[in-house]
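A look at the structure
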Amino acid sequence: MVQAAAKKLIFRLGEVGFVLDLACIVEICEQIVDAVDLRKTDLDSGIVGSLLFRQTLIPVIDPTLRLELSSSTATRDRVALVLRSSEGNWALLVDQVAGVCSSERFQPCELPPLLKQTVNRCFSQVELLDNEPMIIFEPERYYGSPSIAV
Amino acid sequence: MTRFGLFGCCQIDYAVPLLQLCKVVHEKNGFLLPGIEKTVAEVLVDDGRLIPLLFLPGLSHGDAGAARTAEYKIIVESAAGLIAFSADRTFGVVAENKGEILDSGENGIVGVAGNFKYQGKVFSILDVDFLAIELTRGG
């Protein structure tokens, strides 16, 4: 577990890069088309369907809705990251998993005051990876503990 | 005496006071971030800092492609922090007394403090401090 905490998963939504602590992830599910039921939606909550995961239906959340991003990938080709939360497992739909990196490769980066006010409804922290801004994904904004008001 | 850096992007020619001009970068790609206003075309990374690239006054906000793929990105310092503008041509640095300052008149463009006429071409003098605040907050 110590090793997992020192690594981060990189994923993309459209052309935007995100980073997520590996410790949050239960499983990465590819080829989800047969396991996802897109008929049960609650778009106000960002839930676009349910995923059959280990004999249990879990909510599938598409973050592009809240972030107002355009997905670059057809739904059948998207990847579901199963994350754990205080309310149980849930699935996060992403366009692409770009890899896993050691935390040491990320460089801290301050959000400039000119941007902080407007982007704060979507994210609050950024790190640089090879000079590319990577948004630190905050799962609690999307599902589970409502510790951050959005 | 005021000196201006002179630039152009698409149909717009503009001037930035030299004292506010930090850096001209060549063929530097920026990044999209969620939540940025439509008046911000992308975000540049320079020396580990994030710098919003703003649409020029009068340039359509729907045409992010031209702003993002421009050959040059002009980084300027506003009172509120660093911002950047796109340029696809440069005209060098020119002292104010080599040209003529024109009043922008009653129908001036928001964010343009005046005009500078140099060698028959009219450059909009950007009000950098105003644009930094207005455009990053969706004005």
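Residues numbered from 1 in each chain as written. Chains lettered and ligands numbered in written order. Predicted model: local features only at pLDDT ≥ 70, side-chain atom pairs only at ≥ 80, totals over all residues. Heavy atoms only, no water.

1. Quick word on the layout of surface pockets
Gaps left between atoms are located by rolling a probe of water-molecule size over the structure's atoms. The cut-off we apply is this: Put simply, the grid is 1 Å and covers the protein atoms alone, a cavity is a trapped set of points that fit a 1.4 Å probe, a pocket is an open set with protein on both sides within 12 Å along at least five of seven lines, and lining residues have an atom within 4 Å of a point. Grid points are joined across faces, edges and corners, and a volume is the space filled by probe spheres set on the points.
Approximately 440 Å³ is the volume attributed to the largest pocket. Along the wall of the largest pocket there are 21 residues; nearest its centre are A:Glu68, B:Leu32, B:Leu33, B:Ile36 and B:Lys38.

2. Digging into the packing of aromatic side chains
Two measures describe an aromatic ring pair: the distance that separates the ring centres and the angle between the ring planes. Residue and element names in this part refer to chain A. Short version of the rule: Only centres within 6.5 Å qualify two rings of Phe, Tyr or Trp (six-membered ring in Trp) as a pair; their planes then separate them into stacked at under 30 degrees, edge-to-face at over 60, and tilted for everything else. Any Lys NZ or Arg CZ found within 6 Å of a ring centre and within 35 degrees of that ring's normal is scored as a charge over the ring.
Applying the stated criterion across every chain, the model contains 10 aromatic pairs over all chains. An aromatic cluster is built from Phe11, Phe18, Phe137 and Tyr142, whose rings are joined through pairwise contacts. Positioned above the aromatic ring of Phe106 is the side chain of Lys8, whose terminal nitrogen or guanidinium carbon lies 5.2 Å from the ring centre.

3. Observations regarding empty space enclosed by the protein
Residues and elements named next belong to chain A. Threshold: Amino acid classes used here: Ala, Val, Leu, Ile, Met, Phe, Trp, Tyr, Cys and Pro are nonpolar; Asp, Glu, Lys and Arg are charged; the rest, including Gly, are polar.
For the structure shown, the criterion picks out one cavity of 30 Å³ or more. Looking at the largest cavity, its volume works out to about 40 Å³. In this structure, the largest cavity is lined by Phe18, Leu67, Cys122, Phe123, Ile135, Ile136, Phe137, Glu138 and Tyr142. The class makeup of the residues in the lining of the largest cavity is eight nonpolar, no polar and one charged.

4. Overview of the interface of chain B and chain A
Quick note on the threshold: In this analysis, two residues are considered to be in contact whenever any of their non-hydrogen atoms come within 4.5 Å of each other. As used here, buried area is the combined drop in accessible area, with a 1.4 Å probe, of two parts when they are placed together. In the sections that follow, a salt bridge refers to a side-chain nitrogen of Lys or Arg positioned within 4 Å of a carboxyl oxygen of Asp or Glu. A 3.5 Å cut-off defines polar contacts: any pair of N or O atoms within that distance qualifies, except that in protein one atom must be a possible hydrogen donor and the other a possible acceptor, and neighbouring residues in sequence count only when both atoms are side-chain atoms.
Listed per partner, the contact involves 22 residues of chain B and 25 residues of chain A. Counting the surface lost from both chain B and chain A, the interface buries some 1,800 Å², and carbon and sulfur atoms represent 70% of this. Across the chain B-chain A interface, the total number found is one salt bridge. Notably, a salt bridge pairs B:Arg68 with A:Glu15, separated by 3.2 Å at the nearest N-O pair. Along the contact surface separating chain B from chain A lie two residue pairs in polar contact (both at pLDDT 80 or more).

5. Regarding the sheet that holds strand E3 (residues 25-29) of chain A
So the rule is basically this: At least two bridges found by DSSP between two strands is the condition for calling them paired. Numbering of helices and strands runs from the N terminus, with a helix taken as a DSSP run of H or I at least four residues long and a strand as a DSSP run of E at least two residues long.
The strand order across the open sheet formed by six strands is E3-E7-E8-E6-E5-E4 (chain A), and the pairing between neighbours is mixed. Every interior strand has two partners, whereas the edge strands, E3 and strand E4 (36-37) of chain A, have only one.

6. So, unusual backbone geometry
Residues and elements named next belong to chain A. The test is simple: Each residue is placed in one exposure class: buried if its accessible area under a 1.4 Å probe, protein chains only, is under 20% of its type's maximum, exposed if it is over 50%, and partly exposed if it falls in between.
Despite not being glycine, Glu68 shows a phi value in the positive range, around 55°. By the secondary structure assignment, Glu68 is in the loop between helix H2 (63-67) and strand E7 (79-83). Taking the relative accessible area as the measure of exposure, Glu68 reaches 61% and is therefore exposed.

By themselves, these are just geometric observations and shouldn't be taken as functional.
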